[in-house]
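# Structural overview
Letter by letter, the chains look like this.
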Amino acid sequence: MREGFLWSASTSAFQIEGAYLENGKGLSTVDTRNVPEGITDTKIASDHYHNYKEDIKLMKELGLNTYRFSISWPRIFPDLTGEANEKGIKFYNDLINELIKNGIEPLVTIYHFDLPQVLVDEFDGWLNRETINYYEKYAITLFESFGDRVKKWISINEQLMVMYSKDFNGIRNVDGDEYLKAAYQMSYHMTLAEKKVMKACKKIIPDAIIGPSYPFQVIHPYSVNTEDIIAAFDTEEILNYYLLDLCVNGKISKLNDKYLKEKGIYPKTEEGDNEILHSSKPDFIGVNYYFPLAAEYPKEEANKNLPLFWQSTKFNIKNSSVLPTFEWMPHGVDPASLRLALKKLQSRYGLPTIITENGLAYSDVLDEKNEVNDDYRIDYIKTHLQECKKAIEEGVDLMGYSPWSFLDSLSGRQGFSKRYGLVYVNRTEDNLKDLGRIPKKSFYWYKDVIKTNGNSL
Ligand code: BG6
């Protein structure tokens, strides 16, 4: 890989920190979501809050030069008083200093799913423009507190998921078409907020770079029938390019403009918005990629069992029938689709990219020697990294790779049985055991990849 390639690994606050009400932290939407019976919640997670020094020691051993983590918004602003929680600031100051002391550069996600619940209770969260101001104030506080040491920022993690997931956005009592309209309104407000924050970042930390982390949906046509090819094209236009066009160019494509107006879900705008939309641009696009999907021309009603954003009258989302699947990866695994995603982004936006998430979920178990032999994960990361190399050779400006996740964490949608980590955390859904850290076989394999700057791949 090129000199200065970011060898990283990712986590997010609510998925690893625990300490969910400690030292002044407020509740977030992910703390208040309905957790199904038998699945753990955010209270302890991987207990990183109390073990961050030990975790950073392992990051150093792994050889990371970068670490992607998120700051918990309600740990910094637990309420609406406008006063930042000093203990929250201190925790992240200590974490950042410890990383730097160990030669690891922080790559900080400002907002990763955990909207302060108080914003939902008071204003309906992202449905209300007020939340734009709260996000801006929160981000400015981070820039002013940590900007002397943090030069790489992620504005919003997976806006697509936030607009559609009621667990994340907290709008839990609206359904059907009304919800779809609300989802587009929330996302429009997030885009305005993101634009303001990208501008503020440049002003406060002139040598910083900032961009979104986007869950790029790679959609293959389900058959070579042209109608299916068009359905796949439409799916990407609606799911990827609507948000990315706005984030990068401050514009909605003509195709999306027509689609949203026809469906009656075009967001409400205000005078002056256009200026905000054109006031800043990301420096890079963070790519979260796990698996591809297929789309076919919709011959029947949308499948109501799929997540909301995959239900549409323009396309019918299917799993590919030819890809290998795993228990937690039912949509199949396809490394070459990552190269395709990178090439599509390079071609449409011409911006550098960073893989901010990529990984394999598995119900890993410790064997009798207290080891996790996760060859399946090694194979997944290796083949995806090989595709990254090919993408670079073909002209993609890829700055770094940050697999999900550094250590086992609470899943975004499921619990602790679904593991992605390079480091095993010794707990189950309902038994905290000793919460010990055990590097998996993939940890040692990735260590070698980093040491050789990717030449061992
Ligand atoms: C991404 C998120 O959607 O995918 C992570 O940014 C999440 O927070 C990851 O953990 C994997 O999803 P899940 O639901 O399997 O944990």
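All values derive from a computational prediction rather than experimental measurement. (Residues numbered from 1 in each chain as written. Predicted model: local features only at pLDDT ≥ 70, side-chain atom pairs only at ≥ 80, totals over all residues. Heavy atoms only, no water.)

## Thoughts on the overall build of the protein
Tallying secondary structure elements over the protein gives 16 helices and 13 strands in all. Rg of the C-alpha trace for the protein: 21 Å, near the compact-globule value of 23 Å for 457 residues, within the 12% margin. Overall, the C-alpha framework of the protein stretches about 60 × 55 × 45 Å when taken along its three principal axes. By the burial criterion, 60% of the 457 residues in the protein qualify as buried. Long-range contacts, defined here as pairs at least 24 residues apart, represent 76% of the contacts in the protein between residues at least 6 apart. Accessible surface, the protein as shown: approximately 18,100 Å² in total, 49% of it carbon and sulfur. Counting 55 positive and 66 negative side-chain charges, the protein places the centres of these two groups 3 Å from one another. (Helix = DSSP H or I, 4+ residues; strand = E, 2+ residues; numbered from the N terminus. Rg over C-alpha atoms; globule rule 2.2 N^0.38 Å. Buried < 20%, exposed > 50% of the residue type's maximum accessible area, 1.4 Å probe, protein only. Contact = heavy atoms within 4.5 Å. Areas by Shrake-Rupley, 256 points an atom, 1.4 Å probe, with all protein chains shown as cover. Lys, Arg positive; Asp, Glu negative; His and termini not counted. Charge placed at Lys NZ, Arg CZ, Asp CG, Glu CD.)

## Quick notes on the nonpolar core
Formed by 143 residues in total, the largest nonpolar core has its most connected members in Ile110, Trp153, Phe406 and Tyr446. For Ile110, the residues in contact, after removing those within four places along its chain, are Ile71, Tyr135, Tyr138, Ala139, Leu142, Phe143, Trp153, Ile154, Ser155, Val197 and Ile210. (Core = buried A, V, L, I, M, F, W, Y, C linked by side-chain atoms within 4.5 Å.)

## A closer look at the packing of helix α14 (residues 336–349) against helix α15 (residues 375–393)
Two numbers describe how α14 lies on α15: the axes approach to 8 Å, and their chain directions differ by 35 degrees. Considering the relative orientation of α14 and α15, their crossing is right-handed. In this structure, α14 uses Ala336, Leu338, Arg339 and Leu342 to contact α15, whose residues at the interface are His384, Glu387, Cys388, Lys390 and Ala391. Among the residues making up the contact of α14 with α15, the classes are represented as five nonpolar, one polar and three charged. (Axes fitted to C-alpha atoms, helices over the stretch in contact; angles between N-to-C directions. Left-handed = near helix turned anticlockwise from the far one by under 90°. Nonpolar A, V, L, I, M, F, W, Y, C, P; charged D, E, K, R; others polar.)

## Here's the deal with the packing of helix α3 (residues 48–62) against helix α16 (residues 441–451)
Contact geometry for α3 and α16: axes closest at 9 Å, N-to-C directions at 50 degrees. In this view, α3 runs oblique relative to α16, as classed from their interaxial angle. Residues Leu58, Glu61 and Leu62 of α3 lie in contact with α16, whose contacting residues are Phe443, Tyr444, Tyr446, Lys447 and Ile450. Here the residues of the contact of α3 with α16 sort into six nonpolar, no polar and two charged. (Parallel < 35°, antiparallel > 145°, perpendicular 65-115°, else oblique.)

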